[in-house]
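Here is what each chain is made of, one letter per residue.
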Amino acid sequence: MRNVWIICRKELRSYFVSPVAYLLLTMFGLIFGFFFWNVLFSFVVAGMESQMRGQMFPMNVNEEMIRPLLQNVSVVGLFFIPMITMRLFAEEKRTGTIELLATSPIHDVEVILGKWLAAMTMYTAMLLVTALNFAFLFKYGQPDWKPLVIGYLGLLLQAGALLAIGTFISTLTKNQIIAGGATFGVCLLLWILGWVSGNGYDTSTWAQVVSYMSVITHFESFSKGLLDVKDAVFYVTLIFLGLFLTSRSMESLRWRS
Amino acid sequence: MITVTELTKRYARHTAVDHISFEVGKGQIVGFLGPNGAGKTTTMRMLTCFLPPTSGVATVAGFDVLEQSLEVKKRIGYLPETPPLYPEMRTAEYLAFVGQLKGLSGAELDKRVDYVLGRCAVTDVRDKLLGKLSKGYRQRVGLAQAIIHNPDVLILDEPTSGLDPKQINETRELIKGLAGDHTIILSTHILPEVEQTCQQVIIIAKGKLVATDSVSNLQNRARGAESLLVEVAGRNGEIDSATVQRRLEQISGVSRVLFKDKRQNRSIFEVESRKESSIRGDLARAVVESGWDLNELRPTAVSLEEIFLQLTGEPLPNPVEVPVAMGAK
């Protein structure tokens with residue numbers, strides 16, 4: 001456990017010493033800020049319109065603002081995750097520092113967990129930027145906080161799965177660009193798989209199976225504030241799969257190189 | 001301290017290390033010698049548990065590299081060919097990180113960091129980014145990280161490659177100073193390095209063990225005899241090297257005469273004599289009596305280089321047949 005923390009701290013340092021962390025936080029903050037403004041604006045307009053018509057529709061901040069915003073974050077996250085994971089192992093392989101880790105008295109699993117936790121922490125830092133915007137909703141409105149917490153939990157689970165896959169891909173190459181590009185491709189694929197049955201035309205069994213693989217469809221219940229065990233298990237399974245593949249890949253590195 | 005038995009590493013197409021066996025005693029400095037691609041790095045990587053051997057057994061301090069790798073890793077300090085530095089870290093901070101990886105913590109860690117900073121003469125760059133350090137400093141920081149946990153065994157892969165002569169000297173002195181406390185294996189393809197730093201040599205070529213012996217034994221073994229450098233000058237202008245060579249060969253006790261060089265009216269030869277026969281007097285007389293001047297006569301030690309070339313079976317350039325090439329050098 002101590003070793004996991006040593007590795008994790010080292011990775012976090014390299015995120016925050018280089019411009020990587022600040023670039024990610026700034027870009028993510030800007031993009032989320034734009035979405036927030038957009039959703040808030042249409043919410044306010046809808047509210048004014050209903051007032052002008054004189055008929056008050058029940059409006060809900062959770063339903064009409066937090067939910068779409070969380071869904072936006074889950075999709076925007078797909079674009080940022082490759083940038084978080086691409087250097088994790090590729091850089092160590094390129095500079096040869098992997099030899100230091102591999103010849104130190106620590107287990108591969110500890111290295112992998114340390115790096116993955118650092119990536120999770122980086123993503124959590126990005127989510128904290130969104131919390132800033134949400135704080136305004138709580139200041140000027142009375143949204144229910146529980147669905148928001150569940151939503152964040154879903155985001156963390158989803159990111160955990162994708163970060164684990166990204167970590168795995170980073171062990172496959174020395175080249176950060178390739179690692180990042182491939183991770184990005186896989187992330188996109190895992191998103192658009194949901195469209196196969198999502199368009200409603202194809203209701204065959206295989207279309208549903210394929211759709212089930214999508215990381216985005218599993219987020220729907222979380223965004224509604226529902227904690228569905230089925231979806232949580234899907235993400236946790238993916239996390240384990242990704243980290244397991246990473247450890248296999250690290251092992252094979254020794255046999256190949 | 002280190003025992004290697006029939007160690008083999010095979011890849012899909014070729015065998016990098018082929019049934020190598022050797023032993024290294026405690027506190028020794030051993031030179032691991034071989035041409036590039038001989039399997040030095042592969043062997044070292046197997047000893048450090050970075051690569052698993054295909055077959056054979058290697059133990060470090062009594063622990064098997066495959067079965068008890070964690071115990072082995074605790075006792076080994078390793079400097080790979082390129083020092084494993086994180087460019088975004090500062091020297092002291094990096095050494096503390098490596099120390100933690102090796103299991104140090106608290107006051108002991110601080111103490112060790114300060115100690116290795118001083119020992120490897122990198123205290124003046126303790127707060128510099130590793131990415132900004134010069135090659136010599138990078139190498140020394142690499143050495144510092146290898147000894148941070150005071151390991152029993154140090155494995156250094158080409159510790160002096162890419163350094164300038166002054167840095168090479170400093171590094172060699174540093175390594176020599178580390179012996180005694182540590183058992184050291186260092187690989188190199190530079191022969192004088194072995195002569196100067198190591199007590200024992202392990203020579204490998206094409207993955208196979210060629211020789212393992214002490215440096216002095218090897219030098220004696222290759223040729224028991226004396227080797228002399230002789231410079232002969234003609235009295236009036238030109239000198240016929242072939243005639244001189246023939247005359248030198250006639251001296252009793254001489255086993256071989258190699259033509260080395262010719263400059264104007266001077267010819268330089270390397271004369272080898274058979275064991276236990278001193279030929280210097282006869283040689284001097286023969287030269288003078290033939291009407292030539294003896295400009296120089298001095299013994300040359302058989303260099304490890306020649307032994308190495310003999311043992312690894314690489315062709316020794318024959319100076320008699322290619323005098324022009326030798327002269328051009």
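In what follows, the structure referred to is the one given above.
Just so it is clear, the structure is predicted and the values come from calculations on it, not from any experiment.

How each quantity is defined
Residues numbered from 1 in each chain as written. Chains lettered and ligands numbered in written order. Predicted model: local features only at pLDDT ≥ 70, side-chain atom pairs only at ≥ 80, totals over all residues. Pairing = 2+ DSSP bridges. Helix = DSSP H or I, 4+ residues; strand = E, 2+ residues; numbered from the N terminus. Axes fitted to C-alpha atoms, helices over the stretch in contact; angles between N-to-C directions. Contact = placed C-beta atoms within 7 Å. Buried ≥ 20, exposed ≤ 12 C-beta atoms within 10 Å, placed from the backbone. Nonpolar A, V, L, I, M, F, W, Y, C, P; charged D, E, K, R; others polar.

(A) Summary view of the sheet that holds strand β12 (residues 254-263) of chain B. Residues and elements named next belong to chain B. Reading across the sheet, the four strands line up as β12-β13-β11-β14 and stay open at both edges, with antiparallel pairing between neighbours. For this open sheet the edge positions go to β12 and β14 (292-299), each flanked by a neighbour on one side alone. On average, each strand axis in the sheet is tilted by 20° relative to the strand beside it, whichever way the strands run. By the bridge criterion, seven bridges tie strand β11 (residues 227-234) to strand β13 (residues 266-273) in an arrangement that is antiparallel. Residue E231 lies in a different strand from β13, and its bridge partner there is I268. Taken strand by strand, helix α9 (residues 241-250) contacts β11, β12, β13 and β14, and its axis lies near 160° from that of β12. Sheet contacts for helix α10 (residues 280-289): β11, β13 and β14; angle to β14, the most-contacted strand, approximately 160°.

(B) The sheet that holds strand β3 (residues 29-33) of chain B, seen in detail. All names here are of chain B. Taken in spatial order, the six strands of this open sheet run β6-β7-β8-β3-β9-β10, and their pairing is mixed. The strands lining the two open edges of the sheet, one partner per strand, are β6 (76-79) and β10 (208-214). Averaged over all adjacent pairs, the angle separating strand axes in this sheet is 15°, with direction ignored. With six bridges connecting them, strand β9 (residues 200-205) and β10 associate as antiparallel partners. Counted as the bridge partner of Q200 is S214 from β10. Packing against the sheet, helix α1 (residues 40-47) makes contact with β3, β7 (153-157), β8 (183-188) and β9, and its axis sits at approximately 150° to β7. Its contacts with the sheet place helix α5 (residues 135-147) against β6 and β7, and it is angled at close to 165° to β6.

(C) Representation of unusual backbone geometry within the structure. Residue and element names in this part refer to chain B. Not every positive phi belongs to a glycine, and H19 is a case in point at roughly 45°. Residue position: H19 is located in strand β2 (residues 15-24). H19 gets classed as partly exposed once you count the C-beta atoms within 10 Å, which come to 14. The backbone of A121 shows a phi angle near 55°, a positive value even though the residue is not glycine.

(D) Main features of the interface of chain B and chain A. With 21 residues of chain B in contact, the opposing surface of chain A contributes 16 residues. Within the residue set of the side of chain B that touches chain A, elements represented by two or more residues are α2 (69-75), β6 and α3 (91-101) of chain B. Here the side of chain B that touches chain A takes four residues from α3 of chain B, the largest share from any one element. Taken together, the residues of the side of chain B that touches chain A break down into 13 nonpolar, four polar and four charged.

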